[in-house]
Amino acid sequence: MSVARHWRETPGRYNLIGVKCGNCGKVFFPKRTLCPECRRSSMGKMNAYKLKAEGTVFTYSIIHDAPAENNSIKPYAVAMILTDDDVLITGQLVDVELEKVEIGMPVRAVLRKMSEDGETGVINYGYKFAPKN
Amino acid sequence: MDVGIVSYGSYVPRYRITPAEIGRIWGIDGTAMGKGLFINMKSVPSPDEDVITIATEAARNMMSRCSVDPQEIGAIYVGSESHPYAVKPSGTIVAEAICATPNLTVADLEFACKAGTAGIQICMGLVGSKMIEYGVAIGADTSQGAPGDALEYSASAGGAAYLIGSKDIIAKINRTLSYTTDTPDFWRREGSPYPKHGGRFTGEPAYFKHIGSAARMMLSEMNTEPSDYNYAVFHQPNGKFPMRMAKELGFSDEQVNDGLLTPHIGNTYSGAVPLGLAAVLDVSKPGDRIFAVAYGSGAGSDAFDITVTDNMKKYKRSAAPTVAERLKDTIHLDYGRYAKFKGKIVMG
């Protein structure tokens, strides 16, 4: 991913900022420009909305065959998280023993390294989820 | 105008390794090494953690404990000797991650293990001169120790963040002062992955001279005795140095114990005194007086005389985990996994 593209997405990646439809009140993450329900009536009404950084594991999968850039962390868990404001987000689970991952487990969003563009390139940061203490 | 701590937050990675496990690989009695250093285990950052993520976590914990609008923060300083970038500030990412951008000044600091407390001093100046309303000072490190070197038994990771201001302060900083000389006891050259040190030279002419001098200056200027303080926090490259320093100055073990974290998490470098102070603030009550002295190789010491205020009673300390809570829930690593986590295995 280019530096500029990642930079454009930092509000969502750092702070879980999505949008809320000013017409029907539905929240979307990542952000989108139109509400798929309200369509034209949502134009200009998709307002920035910061999701709650806490939630629970809705479902999960253990990744054993990972992309090359994630070789050093495999196996790892990727989960769908239901945030406390009822939005589903997909993210990696960190700081957890895989045998202890379970549906319904309370988690919180943390900022972690997502990827590095080689040894000299930019480091990309974003949200992952850790067990809630 | 009183200037002090409005809020604080801490963070220590969840992973640990013991000196015995490290010694097992290098043919050294790691248990004896741990006893010698008074280190039972050390924290290890996850492969996706670095100074930026640790500083962010500490800063978010700090903000969750107070009701200050992040847009009122006028400065952020991140002190570390393991910033992920040589050029590109850690602080801008932290600022963005706590929604403090864009109207603030940000800079990364480095002064070996005392860059975090240097940040506190800078924020005190900016707040005291009314240039800013609030300043954030963070000390964090993912410190480096070459495989097999004595430092590998202690170099760990962690950090703490301090919101410095003049309104609703939970702890007033009565006085700060520093003692600084050019003493090359420990260094890391640009581009070198691991630091070098002067062995025993890191003791008497470095750690003990600088901390001792700053501490005695503070006691003299404040006209106080060690017994006037409830707690004392000294830089803690291992568990033994701060205990000996405390004894030499006249502080008791009881005054030091709450802020002595090295036996549990190792040497967090720039995070050491900020974390030790956070552990003390976690248990302190109004009226408690705290004596804190940081040390950075190269070399210098920053001393602080702090009094906890009545605002601590209504402070939302429980809104974020305490240092003691961070020490409980750990995952232990064997050396192989530790080497992978720390990037010590070079893939061809």
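See above for the structure.
Residues numbered from 1 in each chain as written. Chains lettered and ligands numbered in written order. Predicted model: local features only at pLDDT ≥ 70, side-chain atom pairs only at ≥ 80, totals over all residues. Heavy atoms only, no water.

A.B. asks: I would appreciate a short explanation of the overall build of chain A in the present structure.
C.D. replies: Within chain A, the regular secondary structure consists of two helices and eight strands. Shown N-terminal to C-terminal, the secondary structure of chain A runs as helices and strands in the order α-α-β-β-β-β-β-β-β-β. A principal-axis box enclosing the C-alpha atoms of chain A has dimensions of 45 × 40 × 25 Å. Sorting the 133 residues of chain A into buried and exposed places 40% on the buried side. (Helix = DSSP H or I, 4+ residues; strand = E, 2+ residues; numbered from the N terminus. Buried < 20%, exposed > 50% of the residue type's maximum accessible area, 1.4 Å probe, protein only.)

A.B. asks: Whenever I open this one, the overall build of chain B confuses me. Can you help?
C.D. replies: When helices and strands are tallied, chain B shows 12 helices and 14 strands. Over its C-alpha atoms chain B spans a radius of gyration of 19 Å, differing by no more than 12% from the 20 Å that the globule rule assigns to 348 residues. Taken along the three principal axes of its C-alpha coordinates, chain B extends 55 × 45 × 40 Å. Here chain B, with 348 residues, has 61% of them falling under the buried criterion. Of all intrachain contacts in chain B linking residues separated by at least 6 positions in sequence, the fraction that spans at least 24 positions is 80%. For chain B, the exposed area adds up to about 12,900 Å²; of that, 52% sits on carbon and sulfur atoms. (Rg over C-alpha atoms; globule rule 2.2 N^0.38 Å. Contact = heavy atoms within 4.5 Å. Areas by Shrake-Rupley, 256 points an atom, 1.4 Å probe, with all protein chains shown as cover.)

A.B. asks: How should I be thinking about unusual backbone geometry in this particular structure?
C.D. replies: Trans is the prevailing form of peptide bonds, just as negative phi is the prevailing case for residues other than glycine. Cis geometry is found at the peptide bond from A:Phe29 to A:Pro30, where omega equals -5°. Mapped onto the elements of the fold, A:Pro30 is located in the loop between β2 (27-28) and β3 (46-50). Residues B:Thr101 and B:Pro102 are joined by a peptide bond in cis, for which omega reads 5°. With respect to the element layout, B:Pro102 can be found in the loop between α4 (90-97) and β5 (105-109). At B:Lys88, a position not held by glycine, the phi torsion is positive, near 135°. Note that B:Lys88 resides in the loop between β4 (73-79) and α4. Given the relative accessible area of 31%, B:Lys88 is considered partly exposed. With a phi close to 55°, B:Tyr269 is a non-glycine residue in the positive phi region.

A.B. asks: Got a minute to help me understand the layout of surface pockets in this structure?
C.D. replies: Using a probe with the size of a water molecule, rolled over the atoms, empty space left in the structure can be pinpointed. The volume enclosed by the second largest pocket comes to roughly 700 Å³. A:Ala53, A:Glu54, A:Ala109, B:Arg60 and B:Ser64 are the residues nearest the centre of the second largest pocket, which is lined by 28 residues in total. Elements that contribute at least two residues to the lining of the second largest pocket include exactly α2 (10-15) and β7 (106-116) of chain A together with α3 (51-64) and α11 (323-328) of chain B. Residue contributions to the lining of the second largest pocket peak at five residues, all from α3(B). Among the residues forming the lining of the second largest pocket, the class breakdown is 14 nonpolar, five polar and nine charged. (1 Å grid on protein atoms, 1.4 Å probe; cavity = no way out; pocket = protein on both sides within 12 Å on 5 of 7 lines; lining within 4 Å. Points joined across faces, edges and corners; volume = space filled by probe spheres on them. Nonpolar A, V, L, I, M, F, W, Y, C, P; charged D, E, K, R; others polar.)

A.B. asks: What am I meant to see in a nonpolar patch on the surface here?
C.D. replies: A contiguous nonpolar surface patch, about 250 Å² in accessible area, is contributed by B:Ile25, B:Trp26 and B:Ile28. Along the chain, B:Ile25 falls in helix α1 (residues 19-26). (Patch = residues over 30% accessible without salt bridge, like charges linked within 9 Å, V, L, I, M, F, W, Y side chains within 5 Å. Salt bridge = Lys/Arg side-chain N within 4 Å of Asp/Glu carboxyl O.)

A.B. asks: Where do I start with the packing of helix α6 (residues 203-222) of chain B against helix α7 (residues 240-249) of chain B in this structure?
C.D. replies: Relative orientation and spacing of two packed helices are given, respectively, by the angle between their axes and the distance between those axes. Residue and element names in this part refer to chain B. α7 packs onto α6 with a crossing angle of 45° between their chain directions and a minimal axis gap of 11 Å. It follows that α6 is oblique to α7 by the angle criterion. Read as a crossing pair, α6 and α7 show a hand that is right-handed. Contacts from Gly203, Glu204, Tyr207, Phe208, Ile211, Gly212, Ala215 and Arg216 of α6 reach α7 at Phe241, Pro242, Arg244, Met245, Glu248 and Leu249. Residues that form the contact of α6 with α7 fall into these classes: eight nonpolar, two polar and four charged. (Axes fitted to C-alpha atoms, helices over the stretch in contact; angles between N-to-C directions. Parallel < 35°, antiparallel > 145°, perpendicular 65-115°, else oblique. Left-handed = near helix turned anticlockwise from the far one by under 90°.)

A.B. asks: Whenever I open this one, the sheet that holds β2(A) confuses me. Can you help?
C.D. replies: Within a sheet, adjacent strands bond to each other through the backbone by hydrogen bonds, running parallel or antiparallel. Residues and elements named next belong to chain A. Reading across from one edge, β2-β1-β3 is the order of the three strands in this open sheet, with antiparallel pairing throughout. Lying at the two open borders of the sheet, with one neighbouring strand each, are β2 and β3. Sheet topology note: the strand β1 (residues 17-21)/β2 ladder contains two bridges and is antiparallel. Across the sheet, Val19 pairs through a bridge with Phe28, a residue of β2. (Pairing = 2+ DSSP bridges.)

A.B. asks: In this structure, what is going on with the interface of chain B and chain A? I would like to understand it.
C.D. replies: Interface extent is often summarised as the accessible area lost during association of the parts. Residue-level contacts link 24 residues of chain B with 23 residues of chain A. Across the interface of chain B and chain A, roughly 2,000 Å² is buried in total on both sides, 48% from carbon and sulfur atoms. Here chain B is connected to chain A by four salt bridges. Here B:Asp48 ties to A:Lys128 by a salt bridge, and the two come within 2.9 Å at their closest N and O atoms. At the boundary of chain B with chain A, the tally comes to 13 residue pairs in polar contact (both at pLDDT 80 or more). Mapped by element, the contributors of at least two residues to the side of chain B that touches chain A are α3 and α4 of chain B. Looking at the side of chain B that touches chain A residue by residue, the classes come out as 11 nonpolar, three polar and 10 charged. (Buried area = accessible area lost by both parts, 1.4 Å probe. Polar contact = N/O pair within 3.5 Å; in protein donor to acceptor, adjacent residues only side chain to side chain.)

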